[in-house]
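Spelled out from the first residue to the last, the chains are:
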Amino acid sequence: MGVREYQSLTPYATALEENWGKPPGNLNSDGENLLVYGKQYGNVFIGVQPTFGYEGDPMRLLFSKSASLHHGFAAYYSFVEKIFKADAVLHFGTHGSLEFMPGKQVYSKIMEIESRLLLCGLHVIGEPPSAMEAVATLVNIAALNRPEDGISSLPSILAETVERDIEEVYKASDKGILKDVELLRQITDASRGAISAFVERTTNKKGQVVDVADKLSSILGFGINEPWIQYLSSTKFYRADREKLRTLFEFLGECLKLVVADNELGSLKQALEGKYVLPGPVGDPIRNPKVLPTGKNIHALDPQAIPTTAAMQSAKIMVERLIEKQKADNGGKYPEIVALVLWGTHNIKTYVSLEEFGRPRIDVVVNCSRVFRDLFINQMNLLDRAVKMVAELDKPEDQNYVRKHTLEQAKALGVGVREAATRVFSNASGSYSSNINLAVENSSWNDEKQLQDMYLSRKSFAFDSDVPGAGMTEKRKVFEMALSTAEATFQNLDSSEISLTDVRTLAETLRLDARTKLLNPKWYEGMMVTGYEGVREIEKRLTNTDEDMLNRLMSKNPNSFRNLVQTFLEANGRGYWETSEQNIERLRQLYSEVEDKIEGIDR
């Protein structure tokens, strides 16, 4: 797209010049023209949305509360709207660009929210899983107790047969007690086997689910002929409670119908025709199968419903384990202050609100994501009020660390007790993200202090329950002081791969991620099937590869492969990764090769 054409199609182009200068600029351009990346198939255009442009101006990344998008980004949407003349635009990904724009929070727009995680690759719209592919989902669904529905989890039913409580087995396994590590492996294998036996009975020869209701009526109530009973009869769990199993598998049968339902393309067609699409809640289908089937017009939730009673129970266990872990690491001493990170989408899916319990009362400093700030303002209000109430309790300081720290900060900063008790922080209103990930990805930082300053300048805006409706107010000194004494940082992340109440260190989580994903052929082969985007997912989690994998990554998405190699080289250059000079030389050679490939040079 030539500059004159761009200016005529984009009436707001001159407004972008304040931040980006005259078009075409150096992002999504060849120096003379603006470039729109994509390919047209008849009446369908498939394009790659440009980045927001932070890599083009690292200083904006560091200091700007908000900024306009660049000329290349504007040209992309001018092409879609004015030249291609799209009647509808479908965005694929966890987040749409809209939700990160200033003023977005005034959601009337739809927010695209991650609804489920498929470990066997990226989801392809309109391609439901086969029955056997759904087994993994059912195993995870069956792993949770659902007391409100009178349903016991499969692991707990199996553990009962050997007179054990499954929570104790989980805890002992995490501590590395070998007999419980082995017992948990046996329970997991038996769960998979029993569910696989059940699913096999509800499918035809092509591996497709047939009428589950009819199949269930012919399966249920026949005692030893029930497939899960037949399977378990050859294991150590042969005495499992049959009534509890029958109740669970009736529920799993309903879930199976929802998991494999093929509603997506039909609903998409309805939406594109401007017709009604059945609404439904967003959420994790493992914890709440009622969010299925996919293909609904999803909405988030009623923020007033968070936290649920079940979430409070889970939070209590989680916090107790966190404090136990900190005490063990600190010679039996309670942590005085813990930093919490709260993300919006993870709280939507888990319905968990983190609260602090302990003896004595432990201080907290809470940093909320921009999505959490926009969705859960009521919960932020409750958290802020709770901290201030505890800070004003006239209790001994050795039993009330909140008051102890608040009084110290009030004296040091010359402010009142309630202002010193500020503990709930996020971005400025209308601003999104700390942008540290972008700085790291684009190598636009010199030292760690620069990253620290970036975080503090972007995330030090406080919520104040004493001034409702005033928005977020910058209180960097209070934020810095509270963070400087934090002894642990905790974040609740939603994942079907770990128990809701697991408490792991970052190092343990990275090791788990490496074992289950980076070093797991099932994971990376599943990602490779989806080509370009799959390689981007692999790039996000660095991996060692052989020659065959190198060639496949390079051919499917050379840009992501270049970023992967560059990250290794940068980590070594900055002193975060030690390796042999031979490996570094090989990485430099690969970088040169992929640069040539991107520029179209044949060696």
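Look up: the structure comes first, before these words.
An account of the accompanying structure is given in this report. (Residues numbered from 1 in each chain as written. Predicted model: local features only at pLDDT ≥ 70, side-chain atom pairs only at ≥ 80, totals over all residues. Heavy atoms only, no water.)

### Thoughts on the overall build of the protein chain
Reasoning step 1: Within the protein chain, the regular secondary structure consists of 27 helices and 10 strands.
Reasoning step 2: About 31,600 Å² of surface is accessible on the protein chain, with carbon and sulfur atoms providing 53% of the total. (Helix = DSSP H or I, 4+ residues; strand = E, 2+ residues; numbered from the N terminus. Areas by Shrake-Rupley, 256 points an atom, 1.4 Å probe, with all protein chains shown as cover.)

### Some thoughts on the packing of aromatic side chains
Reasoning step 1: For the structure shown, the criterion picks out 13 aromatic pairs.
Reasoning step 2: Considering the side-chain rings of Phe425 and Phe479, the 4.5 Å spacing of their centres and the 40 degrees angle between planes classify their relative orientation as tilted. Of the two residues, Phe425 sits in strand S7 (residues 424-426) while Phe479 sits in helix H21 (residues 476-484), which places them 54 residues apart along the sequence.
Reasoning step 3: Relative accessible area serves as the criterion here: at 1%, Phe479 is assigned to the buried category.
Reasoning step 4: One aromatic cluster in this structure is built from Phe45, Phe73, Tyr76, Tyr77, Phe79 and Phe84.
Reasoning step 5: For Lys327, the ring lying beneath its charged end belongs to Tyr334, and the centroid distance is 4.5 Å.
Reasoning step 6: Across from the ring centre of Trp445, 3.6 Å away, lies the NZ or CZ of Arg574, which sits over that ring. (Phe/Tyr/Trp six-rings, centres within 6.5 Å; stacked < 30°, edge-to-face > 60°. Buried < 20%, exposed > 50% of the residue type's maximum accessible area, 1.4 Å probe, protein only. Lys NZ or Arg CZ within 6 Å of the ring centre and 35° of its normal.)

### Let's talk about the side chain of Asp180
Reasoning step 1: Here Asp180 lies in helix H8 (residues 178-200).
Reasoning step 2: Overall, Asp180 belongs to the buried group, its relative accessible area being 3%.
Reasoning step 3: In this view, Asp180 contacts Arg164, Val169, Ala172 and Ser173; residues no more than four positions away in its chain are not counted. (Contact = heavy atoms within 4.5 Å.)

### Some thoughts on the environment of Gly534
Reasoning step 1: Structurally, the position occupied by Gly534 is in helix H24 (residues 532-540).
Reasoning step 2: When its relative accessible area of 0% is taken as the criterion, Gly534 is described as buried.
Reasoning step 3: Not counting chain neighbours up to four residues away, the residues in contact with Gly534 comprise Leu122 and Met527.

### Side note on helix H17 (residues 401-413)
Reasoning step 1: Between its terminal C-alpha atoms H17 stretches 18 Å, which fits the 18 Å expected from 13 residues at 1.5 Å a residue.
Reasoning step 2: Within H17 the residues assigned to the buried category are Tyr401, Val402, Arg403, His405, Thr406, Gln409 and Ala410.
Reasoning step 3: On its buried side, H17 packs onto strand S5 (337-342), strand S6 (363-368), helix H16 (377-391), helix H18 (417-420) and H21.
Reasoning step 4: Two or three places before Val402, at the opening of H17, Asn400 has a side-chain oxygen 3.3 Å from that residue's backbone nitrogen.
Reasoning step 5: Immediately beyond the C-terminal end of H17, within one or two residues, lies Gly414, with a positive phi of roughly 70 degrees. (Expected span 1.5 Å × (residues − 1). Polar contact = N/O pair within 3.5 Å; in protein donor to acceptor, adjacent residues only side chain to side chain.)

### So, the nonpolar core
Reasoning step 1: Membership of the largest hydrophobic core comes to 39 residues, with the highest contact counts inside it found for Ile195, Leu245, Phe249 and Leu252.
Reasoning step 2: Breaking this core down by element, the ones donating at least two residues are helix H5 (135-142), helix H6 (154-161), helix H7 (166-174), H8, helix H10 (227-232) and helix H11 (242-259).
Reasoning step 3: Domain assignment of the residues forming this core places at least three in each of domain 2 (131-260) and domain 3 (263-299).
Reasoning step 4: Beyond its immediate sequence surroundings of up to four residues, Leu252 is in contact with Leu138, Ile141, Ala142, Ile195 and Phe198.
Reasoning step 5: Judged by nonpolar contacts, the second largest core, of 30 residues, contains Met318, Val364, Phe461 and Phe463. (Core = buried A, V, L, I, M, F, W, Y, C linked by side-chain atoms within 4.5 Å. Domains from an automatic or database assignment.)

### Here we look at helix H20 (residues 448-459)
Reasoning step 1: Helix length check: H20, at 12 residues, gives a terminal C-alpha distance of 16 Å against a target of 16 Å (1.5 Å per residue), a fit within 8%.
Reasoning step 2: Along H20, the residues classified as buried are Gln450, Leu451, Met454, Leu456, Ser457, Arg458 and Lys459.
Reasoning step 3: Where H20 begins, one side-chain oxygen reaches toward the backbone nitrogen of Lys449, 3.2 Å away; that side chain belongs to Asp447.

### Re the pairing of strand S2 (residues 44-47)
Reasoning step 1: Note: strand S1 (residues 38-41) against S2, four bridges, orientation antiparallel. Note on S2: the bridge partner recorded for Gly38 is Gly47.
Reasoning step 2: Joining the antiparallel neighbours S1 and S2 is a turn of two residues, in which Gly42 adopts a positive phi near 60 degrees. (Pairing = 2+ DSSP bridges.)

### A closer look at the sheet that holds S7
Reasoning step 1: Pairing in this open sheet of six strands is mixed, and the strands run S9-S8-S7-S6-S5-S10 from one edge to the other. Looking at which strands have only one partner, the edges of the open sheet turn out to be strand S9 (473-474) and strand S10 (488-491).
Reasoning step 2: Summarising the sheet, S5 and S6 pair through six bridges and their orientation is parallel. Bridging from a neighbouring strand, Ala339 pairs with Val365 of S6.

### So, the packing of H20 against H21
Reasoning step 1: For the pair H20 and H21, the least separation of the axes is 9 Å and the interaxial angle reads 125 degrees. The angle between the axes of H20 and H21 places the two elements in the oblique class. Relative to H21, the crossing made by H20 is right-handed. Every residue of H21 that contacts H20 at Asp453, Tyr455, Leu456, Ser457 and Lys459 is listed here: Arg476, Phe479, Glu480 and Leu483.
Reasoning step 2: The class makeup of the residues in the contact of H20 with H21 is four nonpolar, one polar and four charged. (Axes fitted to C-alpha atoms, helices over the stretch in contact; angles between N-to-C directions. Parallel < 35°, antiparallel > 145°, perpendicular 65-115°, else oblique. Left-handed = near helix turned anticlockwise from the far one by under 90°. Nonpolar A, V, L, I, M, F, W, Y, C, P; charged D, E, K, R; others polar.)

### So, the pattern of salt bridges
Reasoning step 1: The tally for this structure, following the rule as stated, stands at 29 salt bridges.
Reasoning step 2: Among the salt bridges present, the one from Glu182 reaches Arg185, with a minimum N-O distance of 2.6 Å. Linking Glu182 with Arg185, this pair stays in helix H8, spanning three residues, or about one helical turn.
Reasoning step 3: Judged by relative accessible area, which is 42%, Arg185 ranks as partly exposed.
Reasoning step 4: Through salt bridges that share partners, Asp384, Lys388, Glu392, Arg418, Asp464, Asp466 and Lys475 make up one connected network. (Salt bridge = Lys/Arg side-chain N within 4 Å of Asp/Glu carboxyl O.)

### Some details on unusual backbone geometry
Reasoning step 1: Residue Pro24 is bonded to the preceding Pro23 through a cis peptide linkage, with omega at 15 degrees.
Reasoning step 2: Following the sequence through the fold, Pro24 ends up in the loop between helix H2 (13-20) and S1.
Reasoning step 3: That bond from Leu292 to Pro293 is cis: its omega, 0 degrees, falls within 30 degrees of zero.
Reasoning step 4: Structurally, the position occupied by Pro293 is in the loop between strand S3 (279-281) and strand S4 (297-299).
Reasoning step 5: At Asn28, a residue that is not glycine, the phi angle is positive and equals roughly 50 degrees.
Reasoning step 6: Summarising the element assignment, Asn28 is placed in the loop between H2 and S1.

### With respect to a nonpolar patch on the surface
Reasoning step 1: On the surface, Leu90, Phe92, Ile125, Leu265 and Leu272 cluster together to form a nonpolar patch covering roughly 500 Å² of accessible area.
Reasoning step 2: Tracing the backbone shows Leu272 in helix H12 (residues 264-272).
Reasoning step 3: Given the relative accessible area of 48%, Leu272 is considered partly exposed. (Patch = residues over 30% accessible without salt bridge, like charges linked within 9 Å, V, L, I, M, F, W, Y side chains within 5 Å.)

### Some points on the environment of Val529
Reasoning step 1: Looking at the element boundaries, Val529 is found in helix H23 (residues 521-529).
Reasoning step 2: C-alpha separation for the pair Val529 and Leu122, spaced 407 residues apart in sequence, amounts to 8.7 Å.

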